[in-house]
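Here is how the chains run, residue by residue.
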Amino acid sequence: MMGYIIDLTLVMQRLYFLVQARTEASGSRFPVDEKLFKLALDAYEQDPEHSLQKVHEEIRSFATWKNALSTSGRIIEEVERLINVHRFKPSERFMVDDKL
């Protein structure tokens, strides 16, 4: 369940930035289409630093019997932490591009 929530949140956040960029570039709003959604999903799957694989590795390491018996508050805190750590941060991306 944690994986679904985190993955959906991270993909939707990337989709938001893509829609915003498209709107700014064209000057008008367009509906979200399959191509744009696929681009957001690919961006998440292929992100070298915050990939789907890395997120799920962290979820697996958290998902122990001890943590399964934790309060729901502890689990929600971990979901929030993972979203904050792995969310798309445009400033990070531009700094990497500048170094290259």
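Residues numbered from 1 in each chain as written. Predicted model: local features only at pLDDT ≥ 70, side-chain atom pairs only at ≥ 80, totals over all residues. Heavy atoms only, no water.

1. Thoughts on the confidence of the model for the protein
In step 1: Averaged over the protein, the pLDDT score is 84; the fraction of residues at 70 or greater is 89%.
In step 2: Confidence drops under pLDDT 50 across residues 95–100; counting only partners more than four residues distant or on other chains, this segment forms 0 contacts. (pLDDT = per-residue confidence, 0-100. Contact = heavy atoms within 4.5 Å.)

2. A short note on the pattern of salt bridges
In step 1: One pass over the full model with this rule turns up 6 salt bridges.
In step 2: Among the salt bridges present, the one from R22 reaches D33, with a minimum N-O distance of 3.7 Å. Highlighted residues: R22 in helix α1 (residues 2–26) and D33 in the loop between α1 and α2 (34–45), separated in sequence by 11 residues.
In step 3: When the shortest N-O distance is used, the salt bridge between D42 and K38 registers 3.1 Å. Pair noted here: D42 and K38 are both in helix α2, with a separation of 4 residues, about one helical turn.
In step 4: Shared partners join several salt bridges into a network, and the residues in it are E58, R74, E78 and R81. (Salt bridge = Lys/Arg side-chain N within 4 Å of Asp/Glu carboxyl O. Helix = DSSP H or I, 4+ residues; strand = E, 2+ residues; numbered from the N terminus.)

3. Comments concerning the environment of S51
In step 1: The topology assignment puts S51 in the loop between α2 and α3 (52–62).
In step 2: A sequence separation of 35 residues divides S51 from H86, and the C-alpha atoms of the two residues are 7.9 Å apart.
In step 3: Residues within four places of S51 in sequence aside, it is in contact with Y44 and E45.

4. Some words on the packing of α1 against helix α5 (residues 72–86)
In step 1: Where α1 meets α5, the closest approach of the two axes is 10 Å, and the angle between their N-to-C directions is 30°. Overall, the two elements α1 and α5 adopt an arrangement that is roughly parallel. Relative to α5, α1 is oriented so that their crossing is right-handed. Of the residues in α5, those in contact with M2, I5, I6, T9, L10 and R14 of α1 are I75, E78, V79, L82, I83 and H86. (Axes fitted to C-alpha atoms, helices over the stretch in contact; angles between N-to-C directions. Parallel < 35°, antiparallel > 145°, perpendicular 65-115°, else oblique. Left-handed = near helix turned anticlockwise from the far one by under 90°.)

5. As for α1
In step 1: The end-to-end C-alpha separation of α1 is 36 Å, in line with the 36 Å expected for 25 residues at 1.5 Å each.
In step 2: Taken as a whole, α1 has its buried residues at M2, G3, I6, D7, L10, V11, Q13, R14, L15 and V19.
In step 3: With its phi angle positive at about 85°, G27 sits one or two positions after the end of α1. (Expected span 1.5 Å × (residues − 1). Buried < 20%, exposed > 50% of the residue type's maximum accessible area, 1.4 Å probe, protein only.)

6. Comments concerning a nonpolar patch on the surface
In step 1: On the surface, a nonpolar cluster with roughly 360 Å² of combined accessible area is contributed by L8, M12, V32 and F37.
In step 2: Residue V32 is classed as partly exposed on the basis of its relative accessible area, which comes to 46%. (Patch = residues over 30% accessible without salt bridge, like charges linked within 9 Å, V, L, I, M, F, W, Y side chains within 5 Å. Areas by Shrake-Rupley, 256 points an atom, 1.4 Å probe, with all protein chains shown as cover.)

7. Side note on the packing of α1 against α2
In step 1: At a minimum axis distance of 8 Å, the contact between α1 and α2 shows a crossing angle of 125°. Relative to α2, α1 is oriented oblique. By crossing handedness, the relation of α1 to α2 is classed as right-handed. The residues of α2 that touch α1, namely those facing D7, L10, V11, R14, L15, L18, V19 and R22, are L36, F37, L39, A40, L41, A43 and Y44.
In step 2: Taken together, the residues that form the contact of α1 with α2 break down as 12 nonpolar, no polar and 3 charged. (Nonpolar A, V, L, I, M, F, W, Y, C, P; charged D, E, K, R; others polar.)

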